[in-house]
Amino acid sequence: MTHQHIITTTVNYVKKTLADAEGGHDWWHIYRVWQVAKQIAKGENADLLIVELGALLHDIADSKFNNGDENIGPAKAQAFLETLPLAPNTIDHVVQIVANISFKGGKELQKFRSIELDIVQDADRLDAIGAIGIARAFNYGGFKNRPLYDPNLPPNLNKTKEAYKHNNDPTINHFYEKLLLLKDRMNTKTGKQLAQERHQFMEQYLTQFYKEWEGQ
Ligand code: ADP
Ligand code: NI
C-alpha cells in the first residue's frame, strides 16, 4: 500500500465513523486539522505519514461523548491501524498522539511528546481560534443554549474544572477563559505564526462586537 492509499483508506474510515458526530467534532473539523497539520509539517523535520494519521484519527472517539473514558479513542485508532500494513512503531506513535493530544497544560506532565504530536496539537488548537474558532464557539454555546454575551457576567479567569462543567456562562466569556490564551501555547514556528494572525482576527472581532452591542 502506498502512502496515498493508506491515507485514502483512513479518510474513508474517519468519514464513516464520524457521520453522526456533532458540529464541533465532525469530519470537517478533522479535514481542517489535517490540512493545517500538513502545512505546519512543511516547516518541520517530521514523519508526514504519522502526522497525517494522527490528525485524521485524533478525535475518532472523544471521551466527552464516551462517559469520560479516555481509552476509547486510542483503542479505536489502534484497532483500525492494525488493519493496515504499517510498522508497529508507526502504529504506536499514532496511538500516542491520539492519547495525548488534548493535554490541557495544567500541573500534570504530558506523558508523551514528539514533533509529530506537537504539529497535530497545534493544528487542533488552531481550529479553536480565528474565524473558524469563533464559529465553533457560538455553535457550542447554541447547543448548550447559552447567551451570546451578558455585560453583567464577566469572564472568570480562575475557573475550576468543576465550575466549568455546570456553568451557563455567555459564549463571549469562553474567549477570555480559553481561546485568547491559545496563541501562547503553540509548539511550532508555523503554528505560532498562524495563531498570531487568527488571534488578531479574534481581537478585532471582539472590538466590533462590543461596538455593535452598544448600537454604534
Ligand atoms: P477539543 O477540540 O480540544 O476537544 P473542546 O471539545 O473542548 O475542544 O471544544 C470543541 C469546540 O467547542 C472548540 O471550538 C471550543 O472552543 C468550543 N467550546 C468548548 N467549550 C466551550 C464553551 N464553554 N463555550 C464556547 N465554546 C466552547
Ligand atoms: Ni480536535
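None of these values were measured; they are calculated from a predicted model. (Residues numbered from 1 in each chain as written. Chains lettered and ligands numbered in written order. Predicted model: local features only at pLDDT ≥ 70, side-chain atom pairs only at ≥ 80, totals over all residues. Heavy atoms only, no water.)

(A) Structural detail: the side chain of D59. With respect to the element layout, D59 can be found in the loop between α3 (48-57) and α4 (72-81). As a buried residue without a salt bridge, D59 has its nearest oppositely charged side chain in R136, at a separation of 5.6 Å. Within the structure, D59 has its side chain in polar contact with the side chain of H58 (distance 2.8 Å). Those residues in contact with D59 that lie beyond four places of it in its chain are L18, H25, H29, I30 and D124. (Helix = DSSP H or I, 4+ residues; strand = E, 2+ residues; numbered from the N terminus. Buried < 20%, exposed > 50% of the residue type's maximum accessible area, 1.4 Å probe, protein only. Lys, Arg positive; Asp, Glu negative; His and termini not counted. Salt bridge = Lys/Arg side-chain N within 4 Å of Asp/Glu carboxyl O. Polar contact = N/O pair within 3.5 Å; in protein donor to acceptor, adjacent residues only side chain to side chain. Contact = heavy atoms within 4.5 Å.)

(B) Just helix α1 (residues 3-17), in detail. For α1, spanning 15 residues, the distance from its first C-alpha to its last is 21 Å, which sits close to the expected 21 Å at 1.5 Å a residue. For α1, the complete set of buried residues consists of I6, I7, T10, V11, Y13 and V14. On an axial view of α1, the arc spanned by its buried residues comes to 170 degrees, and they lie on one face. Those residues of α1 that are exposed and aimed more than 90 degrees away from the buried face are Q4 and K16. Those residues of α1 that are buried are in contact with α2 (27-41), α3 and α4. (Expected span 1.5 Å × (residues − 1). Arc of directions from axis to C-beta.)

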